[in-house]
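# Structural overview
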Amino acid sequence: MTRELPSLLKRAATPLDQPRAIGGAFVSSKCGAAGSAIDGLRQSGALKLLFPRSRRAVEAVLINTAGGITGGDRFDIQAHAGAGSQLTLTTQAAERAYGAQIGQTGKIRARLRADKDSTLRWLPQETILYQDAALCRRLRADLAPSARFLMVEPVLFGRRAMGEDPTRLQFIDRIDVRRDGKPLYRDGTNLIGNAATLLDRPAIGGGARAMASLLWCAPEAGGKLDVVRNIIGKSGGASMLCADVMVARLLAEDGFMLRRSLLPLLDLLTETSLPQSWRL
Amino acid sequence: MTTVIHMGPTVRTCMNTDAFLTLTQWLSPGFPVGAFAYSHGLEHVIDTGEIRDARTLKTWLEDILRHGSARNDVILLTAAYNAAPQQVDEIDAIARAFASSHERQVETVDQGAAFARTVDAIWGTDVGALCYPVAVGRAARAEALPLPQTAEIYTHAFVANLVSAAVRLVPLGQTEGQTLLAQCAPLIRAVAELGRTAQLEDLASCCFATDIAAMRHETQYAKVFRT
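Residues numbered from 1 in each chain as written. Chains lettered and ligands numbered in written order. Predicted model: local features only at pLDDT ≥ 70, side-chain atom pairs only at ≥ 80, totals over all residues. Heavy atoms only, no water.

### Side note on the overall build of chain B
Selection rule: Numbering goes from the N terminus for both helices and strands, where a helix is a DSSP run of H or I of at least four residues and a strand is a run of E of at least two. Our radius of gyration is a C-alpha quantity, and the globule rule it is checked against amounts to 2.2 Å times the number of residues to the power 0.38. In this description, contact between two residues means that some pair of their heavy atoms is separated by no more than 4.5 Å. When charges are tallied, Lys and Arg are placed among the positive residues and Asp and Glu among the negative ones, while His and the ends of the chain are skipped. Note that the charge is assigned to NZ on lysines, CZ on arginines, CG on aspartates and CD on glutamates.
When helices and strands are tallied, chain B shows 10 helices and 2 strands. Counting from the amino terminus, chain B carries its helices and strands in the arrangement β-β-α-α-α-α-α-α-α-α-α-α. Taking 2.2 N^0.38 as the reference for a compact globule, 227 residues should give roughly 17 Å; the C-alpha atoms of chain B span a radius of gyration of 18 Å, in line with that estimate. C-alpha atoms of chain B, sized along the principal axes, occupy 60 × 35 × 30 Å. Sequence separation of 24 or more characterises 74% of the internal contacts of chain B that already satisfy a separation of 6 or more. For chain B, the centre of its 17 positive side-chain charges and the centre of its 24 negative side-chain charges are spaced 3 Å apart.

### Considerations on the packing of aromatic side chains
Residue and element names in this part refer to chain B. We count it as follows: Only rings of Phe, Tyr and Trp enter the pairing, Trp through its six-membered ring, and a pair is recorded when the two centres are within 6.5 Å. The plane angle decides the type: under 30 degrees is stacked, over 60 is edge-to-face, the rest tilted. Using a 1.4 Å probe on the protein chains alone, a residue whose accessible area is under 20% of its type maximum counts as buried, one over 50% counts as exposed, and one in between counts as partly exposed.
Evaluation of the coordinates by the stated rule reveals 6 aromatic pairs over all chains. Aromatic side chains Tyr132 and Tyr154 sit 5.3 Å apart centroid to centroid with 55° between the ring planes, which places their arrangement in the tilted category. Of the two residues, Tyr132 sits in helix α7 (residues 132-142) while Tyr154 sits in helix α8 (residues 147-169), which places them 22 residues apart along the sequence. Judged by relative accessible area, which is 12%, Tyr132 ranks as buried. Overall, Tyr154 belongs to the buried group, its relative accessible area being 4%. A connected cluster of aromatic rings, assembled from ring pairs, spans Trp26, Phe31, Phe115, Trp123, Tyr132 and Tyr154.

### Let's talk about the interface of chain A and chain B
How we decide: As used here, buried area is the combined drop in accessible area, with a 1.4 Å probe, of two parts when they are placed together. Any Lys or Arg side-chain nitrogen found within 4 Å of a carboxyl oxygen on Asp or Glu counts as a salt bridge. Throughout this description, a polar contact denotes any pair of N or O atoms lying within 3.5 Å of each other; where both atoms belong to protein, one of them has to be capable of donating a hydrogen while the other can accept it, and for residues adjacent in sequence the pair is counted only when both atoms sit in side chains. Gly is put with the polar residues, along with every residue not named as nonpolar or charged; the nonpolar set is Ala, Val, Leu, Ile, Met, Phe, Trp, Tyr, Cys and Pro, and the charged set is Asp, Glu, Lys and Arg.
Taken together, the contact between chain A and chain B spans 35 residues of the former and 34 residues of the latter. Here chain A packs against chain B, burying approximately 2,700 Å² in sum over the two surfaces, 56% of which is carbon and sulfur. For the pair chain A and chain B, the interface holds 6 salt bridges. Across the salt bridge formed by Glu90(B) and Arg178(A), the nearest N and O atoms sit 2.9 Å from each other. Linking chain A to chain B there are 19 residue pairs in polar contact (both at pLDDT 80 or more). Elements with a minimum of two residues in the side of chain A that touches chain B: β13 (169-179), β14 (182-193), α2 (195-200), β16 (236-242) and β17 (245-252) of chain A. With 9 residues, β14(A) is the single largest residue contributor to the side of chain A that touches chain B. Looking at the side of chain A that touches chain B residue by residue, the classes come out as 18 nonpolar, 8 polar and 9 charged.

### Observations regarding the sheet that holds strand β5 (residues 74-81) of chain A
Formally: Here the rule is simple: two strands pair whenever DSSP picks up at least two bridges between them. What counts as an axis is a line fitted to C-alpha atoms, over the stretch in contact for a helix, and the angles between N-to-C directions run from 0 to 180 degrees.
Sheet architecture is open: 7 strands sit in the order β2-β1-β5-β8-β11-β13-β14 (chain A), paired in mixed fashion. Both edges of this open sheet fall to β2 (35-45) and β14 of chain A, since each of them pairs with a single strand only. Within the sheet, the average angular offset between the axes of one strand and its neighbour, ignoring direction, is 5°. Where strand β11 (residues 134-143) of chain A meets β13(A), 10 bridges bridge the pair, whose relative direction is parallel. The residue bridging Arg137(A) from the neighbouring strand is Asp173(A), located in β13(A). Packing of helix α5 (residues 88-98) of chain B onto the sheet brings it into contact with β13 and β14 of chain A, and relative to β14(A) it is tilted by some 65°.

### Concerning the environment of Glu103(B)
Residues and elements named next belong to chain B. In this fold, Glu103 is placed in helix α6 (residues 102-123). Note on Glu103: relative accessible area 6%, which makes it buried. In this structure the side chain of Glu103 is engaged in a polar contact, spanning 2.8 Å, whose partner is the side chain of His217.

### Things to note about empty space enclosed by the protein
Where we set the bar: Cavities and pockets are defined on a 1 Å grid built over the protein atoms alone: a cavity is a set of grid points where a 1.4 Å probe fits but cannot escape, while a pocket is an open set with protein on both sides within 12 Å along at least five of seven lines, and lining residues are those with an atom within 4 Å of any such point. Grid points are joined across faces, edges and corners, and a volume is the space filled by probe spheres set on the points.
Throughout the structure, instances matching the rule amount to 2 cavities of 30 Å³ or more. What the largest cavity holds in volume is close to 80 Å³. Taken together, Tyr185(A), Arg186(A), Asp187(A), Val247(A), Ala248(A), Arg249(A), Ala97(B), Phe98(B), Ala99(B), Ser100(B) and Met215(B) form the lining of the largest cavity. In the lining of the largest cavity, the residues fall into 7 nonpolar, 1 polar and 3 charged. Computed from the structure, the second largest cavity encloses a volume of approximately 30 Å³.

These figures capture arrangement, not role.
In structure tokens form, the structure reads like this:
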């Protein structure tokens, strides 16, 4: 039996027609008698969530079943820490942004919310940008005045140990964190063009191929500034945007060197509850 | 510019006598915003020896212009210039949130407040305490100064201030410093022009190392500059 196909589907395939991966995930946590518990959960397409047993927080591990992200892919993640609860999100492994067809961009959107007295941790593992990757990420977080928030975003520009050095890249990243509706932290990255050449420039990367941005909102953040600076060492910096908001930026020659300071740093800031997937 | 000149019993109002001179005054090193006290993290990289001559300084400045805070300041200035009065607070809050570290915030907040105080006192405007590029944008709008020139001269003043910091710290010869500034002119013009077509959504940088330099300046042992 034949069915009339829309004309769009009848045309010959072109190289632009890569298979598209679309994925969505939503998770929320609530505060119950025995600690934090999952409140709401939805997953669709190429995004799955796993919940390993954890002590105090709900720990959600994102899995991209498409195995990576390329031009035209779209991933939407929403996470909501309900009042008084603790929610941690991470990824099962590094996210890989592969080469995209010309004009096609992969999109990742994350929408986070932390209610009164909650703790929300956004701790994805590294995003690896391969040659010709075109990736556009957007993260928006809305925090209640009493919420705690920890965010890290590590990015690797190729895998140096594998001899990769991306000379064509389009990486666009936007982060907008608001507290009580007002802008608290805003960051934007445009790394477009010959990433290797750009990152070799002293004002940009000074030869680094790995970078991480970190944001930590907690009343005790100010008291930890010296410890954080000691862990980060010379290749990065940390600073207080205001009394309870710490920002840090790290540069390293590759992913291995980045982890050497990032792991102890995250251990400190998560009170040694860094998700296990970070150590596999 | 609207100047009210008291001449005996009559009051004469001169409209737009000279926008260019007003901008020159606002953005001259003599205007009391204390620009000489801010090195934008430059003092740190001069201390570590990363910037040691005109060549290494030029690379650094070019990246701040093309990919960093100079471009972002133009975007903020433009947004403030074009904004309706009720949008200004949000733009100012974005400018603060976008400051990548404590000293960057001090730099923009303190210079902006000093700038607005002086302009409001002399020109009778009502700019109020805003981040530096936002304050300049609002003041220029209030005085009906042209946006393209405001953006250009602001960016030029930004670079000139860093050059003068380097002349003192590296140290660099005066002629070398001014040569470098003259060489930057086409880029200053291009950045001011491109920034004016961008939106707040386009606020972005890839000058990770300059952010880190500003953060590390906070703990630098001996320093002359506030940032």
